[in-house]
Amino acid sequence: MSMLRRFAPVASLLCLTLFVLSTALHAQISTRATITGTVTDSSGAVVPGATVTLNDIDTKVATKTTTNGDGVYVTPGLTVDNYTVTFAKAGFKSYTVTGVELHPAQTATVNGTLAVGTATQTVTVKATSTEVQTTTSEVSADIDGEQVSTLPMNGRNYQGVAGLMPGVVNTSQGSALGTGGRSTNSVLSINGLDTSRSFYVLDGIWNENSGNMQQTSVVPNPDSLEEVRVLQNNFSAQYSLMGSSVIIMQSKSGTANFHATAWEFWRNNALNTRPYFTLASAGIPSYKQNIFGYNVGGPVFIPHHYNANRQKTFFFWDEQFVILHVPLQTTSTIPTALQRAGCFASPIKDPAASPAANFPVVTASGGACPAGYTQIPAARLNASSLAYVNTLFPLPNYVGSGTTNYMNLKPQTTNQRDDEIKIDHMITPKYHAFAEYFDEYQLYAQNAESPGTTPISGENAYTHNKLAQVSLTQTLSPSMVNTTSIAMNIFLLNLELAGITDISQVPGFTENFYYPNGTYASRTPVVSFTDRKSVV
């Protein structure tokens with residue numbers, strides 16, 4: 001019995017560990033790439049036993065393999081980068097293919113043709129981009145990092161340019177896309193399907209708010225992305241959790257050389273003009289944008305002590321700040337000063353009259369109401385309702401069509417900070433480890449509490465989203481690669497009311513509840529007006 005008691009905690013811990021790992025791994029995919037091909041001689045005969053060397057141009061890391069008896073080689077588990085592939089065998093000239101560009105989750109074909117000669121002789125060719133790939137049956141498209149960071153977009157959001165790919169539609173075309181958090185929704189429709197049917201991954205991590213499937217947890221800024229790729233049809237089942245399409249974002253990594261970038265996207269009132277429907281007295285609405293940041297990447301080394309050849313450990317650090325003031329200029333109907341005094345231009349039925357009758361019409365000028373107006377006696381006006389209206393609704397400031405008489409000129413504001421750190425370590429050419437962490441913190445302050453329309457009360461949305469991953473890729477043989485990865489995806493949203501939101505803040509306002517001690521019983525009710533008679 002004592003042995004069983006000692007074993008039970010160990011078994012429980014093991015089961016818990018397996019459960020946690022299986023939960024973490026379930027929402028991950030591998031975005032590693034593969035290079036395969038066939039080596040032949042000048043007559044077309046296959047060349048078995050040829051040495052194939054794949055050199056990562058940016059990190060200088062070399063991966064070697066050999067062709068099998070059919071002259072075929074397969075090198076899986078490669079990082080997304082640019083490569084030079086060299087084929088060699090005794091009695092033949094070396095054959096080198098330069099400029100081989102790998103994409104996330106791609107299988108690329110690079111064939112070699114060896115001519116008779118000495119190993120010191122080399123034939124070099126440059127790889128060309130393949131318009132139609134024949135290695136697999138998948139239908140996919142991609143946009144590289146240079147296009148993502150340099151093409152104009154309305155808002156610093158990669159989805160603005162992803163719509164340039166065939167079969168991909170930006171459903172918010174013409175509108176500025178947000179930079180993340182609660183204020184930003186996914187807008188890409190693939191092959192006509194709903195935006196919620198796309199599966200978003202960042203470096204293989206499930207990057208979605210799993211509560212509504214309409215938002216990504218982290219929106220990486222365009223300067224941190226190596227590539228955006230969309231798998232549309234006939235792709236391997238390992239890449240999909242949603243079943244329709246997969247949007248793969250690949251972040252940048254450090255290289256053997258140091259690189260750094262800085263940016264700022266700036267806009268303010270000095271560059272704007274007054275919209276046509278905005279009151280001249282209101283001036284130019286406050287539209288301000290400051291999106292700025294930097295990134296730096298390179299090798300981690302200590303001269304003469306660690307990683308002196310800069311081919312072992314690399315880092316990439318990225319940080320962006322967002323300050324936005326966006327005027328929505330929402331229009332609505334609110335009670336006028338005359339209406340608050342009980343004066344209405346149209347007849348108002350007196351609910352207490354018997355037989356039925358309207359409130360009296362003012363016949364003489366000089367009183368509280370103009371002549372011709374219907375007047376509700378002051379004693380009949382609800383003092384609590386008046387206190388509510390006078391506290392939460394400013395006076396009209398706009399003349400629109402129909403009963404529209406108010407424009408909310410307070411801007412919605414966004415303050416956001418994004419961080420990313422990524423470390424790659426080449427243990428050996430066949431063992432690659434990396435760890436990364438993404439952090440997105442945003443305060444999104446709305447200019448009204450829905451369904452209200454005035455800035456007296458509002459709602460603040462705090463999002464603090466995180467992605468993290470630790471991964472080890474092991475190339476066990478030319479045909480077997482094992483990737484062990486543990487990741488997390490956190491979409492954390494906290495909502496906070498701002499302004500006048502409690503009845504204690506409204507002097508003279510009282511309410512009678514059937515359940516007076518109910519949850520949020522002290523909150524002010526949210527009221528909207530549809531016409532000028534609804535105040536009664």
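Residues numbered from 1 in each chain as written. Predicted model: local features only at pLDDT ≥ 70, side-chain atom pairs only at ≥ 80, totals over all residues. Heavy atoms only, no water.

K.L.:
Go over helix H5 (residues 383–392) with me, naming the residues and quoting the values.
P.N.:
The periodicity of an α-helix, 3.6 residues per turn, causes residues three or four positions apart to be oriented the same way. Those residues of H5 lying buried are Ser384, Ala387, Tyr388, Val389 and Leu392. Next to the buried residues of H5 lie helix H4 (337–340). (Buried < 20%, exposed > 50% of the residue type's maximum accessible area, 1.4 Å probe, protein only. Helix = DSSP H or I, 4+ residues; strand = E, 2+ residues; numbered from the N terminus. Contact = heavy atoms within 4.5 Å.)

K.L.:
Which residues make up the packing of aromatic side chains, and what are the values?
P.N.:
Inspection of the entire model under this criterion finds nine aromatic pairs. Ring geometry for Phe258 against Phe301: centres 6.3 Å apart, planes inclined by 45 degrees, an arrangement best described as tilted. Residue Phe258 is found in the loop between strand S16 (245–251) and strand S17 (259–267), and its partner Phe301 is found in the loop between strand S18 (288–299) and strand S19 (313–326); the two are separated by 43 residues along the sequence. The exposure class of Phe258 is partly exposed, given its relative accessible area of 47%. What links up through ring pairs into an aromatic cluster is the set Tyr388, Phe393, Phe509 and Phe529. A cation over a ring is seen here: Arg267 above Tyr287, with NZ or CZ 3.9 Å from the ring centre. Positioned over the ring face of Phe434 is Lys422, at 5.7 Å from the centre of the ring. (Phe/Tyr/Trp six-rings, centres within 6.5 Å; stacked < 30°, edge-to-face > 60°. Lys NZ or Arg CZ within 6 Å of the ring centre and 35° of its normal.)

K.L.:
Describe the sheet that holds strand S9 (residues 122–126), naming the residues involved and giving the relevant values.
P.N.:
Within the open sheet, the five strands sit side by side as S3-S2-S5-S6-S9. Their pairing is mixed. Whereas interior strands pair on both sides, the edge strands pair on one side only; in this sheet they are strand S3 (62–66) and S9. Averaged over all pairs of adjacent strands, the angle between strand axes in this sheet comes to 20 degrees, irrespective of strand direction. The pairing of strand S5 (residues 82–88) with strand S6 (residues 94–101) spans five bridges and is classified as antiparallel. Counterpart to Phe87 in the pairing with S6 is Tyr95. (Pairing = 2+ DSSP bridges. Axes fitted to C-alpha atoms, helices over the stretch in contact; angles between N-to-C directions.)

K.L.:
Could you give me a rundown of the state of the cysteines, with the residues and numbers involved?
P.N.:
For the structure shown, the criterion picks out one disulfide. For Cys343, the disulfide goes to Cys369, at an S-S distance of 1.7 Å. Around the S-S axis, the bridge from Cys343 to Cys369 shows a dihedral of about -75 degrees and counts as left-handed. You can see Cys343 sitting in strand S21 (residues 343–344) and its partner Cys369 sitting in the loop between strand S23 (357–358) and strand S24 (374–375), a full 26 residues away along the chain. The buried category is assigned to Cys343, whose relative accessible area is 1%. Of the residues examined, Cys369 reaches a relative accessible area of 2% and is grouped as buried. (Disulfide = S-S within 2.5 Å.)

Just geometry here; none of it tells us what the structure is for.
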